[in-house]
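Observations on chain architecture
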Amino acid sequence: MKVAITSTGNTLESTLDQRFGRCSFFVIYDTDNQSVAYIPNPNKEISEGAGPASVQILAENGVHKIVSGDFGLKVKPLLDSLKIQMIVVKDVQKKVSEIIQSLSH
Amino acid sequence: MKIAVAGGKGGTGKTLVATNIFYVLMEEGQQVELIDCDAEEPNDTLFFKGEIMHHNDVLLKVPEIDTSLCVFCGKCKEYCNYNAILMIGFSNYIKVIEELCHGCGACTAACSYGAIREIDRLIGEVNQYRISQHALLTEARMRVGVYSPVNTVKAALKLNPEPYMQIIDAPPGTSCPFIHSVVHADYVILVTEPTPFGLSDLKQTVETLKGMNKRYGVIINRVDVPNNEMTDYLKKENIPLLAEIPFDRRIAEVYAKGGLCAQQILAYKHQFKNIVHFINQEICK
């Protein structure tokens, strides 16, 4: 299963990006084969609708879970209807590698 | 004649100036309309009591997608400039995010399968009140959660009962709602305050108005100690200083009770009358 983690950079040592739609990178972690892919977020600077546009990218990539600091009001019903689970982590120091580790438990 | 009251920064006293100018004109017996274009937070009606004369809803055409006709080709999504359509082709999933839709109709034009029809979405309302025999107050009020007040502002300005003189209370900022509020004005009063924020936002507003070829002047509100930076800027740009309103506790007291200082304090009645007189002369030049 693919899990997306919003990240401030494109390494495993980068920290969790607290913003969903305007994060710097999406880290796509596949729990089946432990593969990691990095997608730079093209919606970071767009004027409006960054949340739904980011949902589009992750849903097209077959993501079933998303870990981020927060999810906006427009995004929540979309993710619910797509049956994509939202996981909120409020710890700004949390590294991507630590999140991946806790996912495999 | 149309006078817009604007000024970039919020909380500088646009509503104070607009309501008091409206009051002095009304008292002179002029046919005058005050239009509250601060649709996100209209409050001019707090200062005047009147009978409602007109009400209309402001609607936006948004798409509704019939999934039994949709082939998930993605053309509507591609045409949409505002990310208002979300589509996951392989899941046969398509959804309109109404809050992001600007009602441009591009998606409807893009669809070759007749899967999109346009439905009305309520985005705001316009109310008009009669304040006196010759005076009207029109209020633009957008719905909470709507992205842009522009259509609601335009609807309020369009009621336009000629030959009424119009006082337009513009929203803060220099973006679309401001532009639409001042675009038809003959004169723009810029209300600012003697602070770095006030000056910074004033400069942005002036630059915008230069591009629009508008005549404008400045009122500095809540003046206690002179701000040379502000007055130097006005001199350098050759912008008329219409008035300086002092930092006077009495104004705050009157305002907080929903009163008008031009009605209750004689000195301010004269000040607002002088402003109107000056603008009249400027426009007739």
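Below or above, wherever it landed, is the structure these notes cover.

Scanning chain A for helices and strands turns up three helices and five strands. What you see in chain A, going N to C, is helices and strands ordered as β-β-β-α-β-α-β-α. The globule rule puts the C-alpha radius of gyration for 105 residues at 13 Å, and the 12 Å found for chain A is close to it. Along the three orthogonal principal directions, the C-alpha set of chain A runs to about 35 × 25 × 20 Å. In chain A, which comprises 105 residues, the share counted as buried stands at 47%.

Residue and element names in this part refer to chain B. Summarising the element assignment, Asn127 is placed in strand S6 (residues 116–132). Note on Asn127: relative accessible area 5%, which makes it buried. Put simply, Asn127 and Ile35 are 92 residues apart on the chain and 9.9 Å apart in space, counted from C-alpha to C-alpha. Each residue touching Asn127, except ones within four places of it in the same chain, is listed here: Ile52, His54, His55, Leu137, Thr138 and Glu139. At a separation of 2.6 Å, a polar atom in the side chain of Asn127 contacts the side chain of His55. There is a polar contact of 2.8 Å between the side chain of Asn127 and the side chain of Glu125.

Below, the discussion takes up the packing of helix H6 (residues 196–212) of chain B against helix H7 (residues 228–237) of chain B. Residues and elements named next belong to chain B. The contact between H6 and H7 brings their axes to 10 Å, and the two run at 15°. By the angle class used here, H6 and H7 are roughly parallel. Helix-helix and strand crossings are classified by hand; for H6 and H7 the assignment is right-handed. Contacts from Gly198, Leu199, Leu202, Lys203, Val206 and Lys210 of H6 reach H7 at Glu229, Met230, Tyr233, Leu234 and Glu237.

Moving on to the sheet that holds strand S1 (residues 2–7) of chain A. Residue and element names in this part refer to chain A. Strand order in this open sheet of five strands is S3-S2-S1-S4-S5, and the pairing throughout is mixed. Of all strands in the sheet, those bounded by a partner on one side alone are strand S3 (35–40) and strand S5 (85–88). The sheet shows a mean angle of 25° between the axes of neighbouring strands, taken without regard to direction. Both strand S2 (residues 25–30) and S3 contribute to a ladder of six bridges, which runs antiparallel.

Taken together, the contact between chain B and chain A spans 15 residues of the former and 14 residues of the latter. Interface area, chain B with chain A, both sides summed: about 1,200 Å², of which 66% is carbon and sulfur. At the surface where chain B touches chain A, the tally comes to zero salt bridges. Our count for the contact surface shared by chain B and chain A stands at four residue pairs in polar contact (both at pLDDT 80 or more). The set of elements that each furnish at least two residues to the side of chain B that touches chain A consists of strand S4 (85–88) and strand S5 (93–96) of chain B.

What counts, and at which threshold
- Residues numbered from 1 in each chain as written.
- Chains lettered and ligands numbered in written order.
- Predicted model: local features only at pLDDT ≥ 70, side-chain atom pairs only at ≥ 80, totals over all residues.
- Heavy atoms only, no water.
- Helix = DSSP H or I, 4+ residues; strand = E, 2+ residues; numbered from the N terminus.
- Rg over C-alpha atoms; globule rule 2.2 N^0.38 Å.
- Buried < 20%, exposed > 50% of the residue type's maximum accessible area, 1.4 Å probe, protein only.
- Contact = heavy atoms within 4.5 Å.
- Polar contact = N/O pair within 3.5 Å; in protein donor to acceptor, adjacent residues only side chain to side chain.
- Axes fitted to C-alpha atoms, helices over the stretch in contact; angles between N-to-C directions.
- Parallel < 35°, antiparallel > 145°, perpendicular 65-115°, else oblique.
- Left-handed = near helix turned anticlockwise from the far one by under 90°.
- Pairing = 2+ DSSP bridges.
- Buried area = accessible area lost by both parts, 1.4 Å probe.
- Salt bridge = Lys/Arg side-chain N within 4 Å of Asp/Glu carboxyl O.

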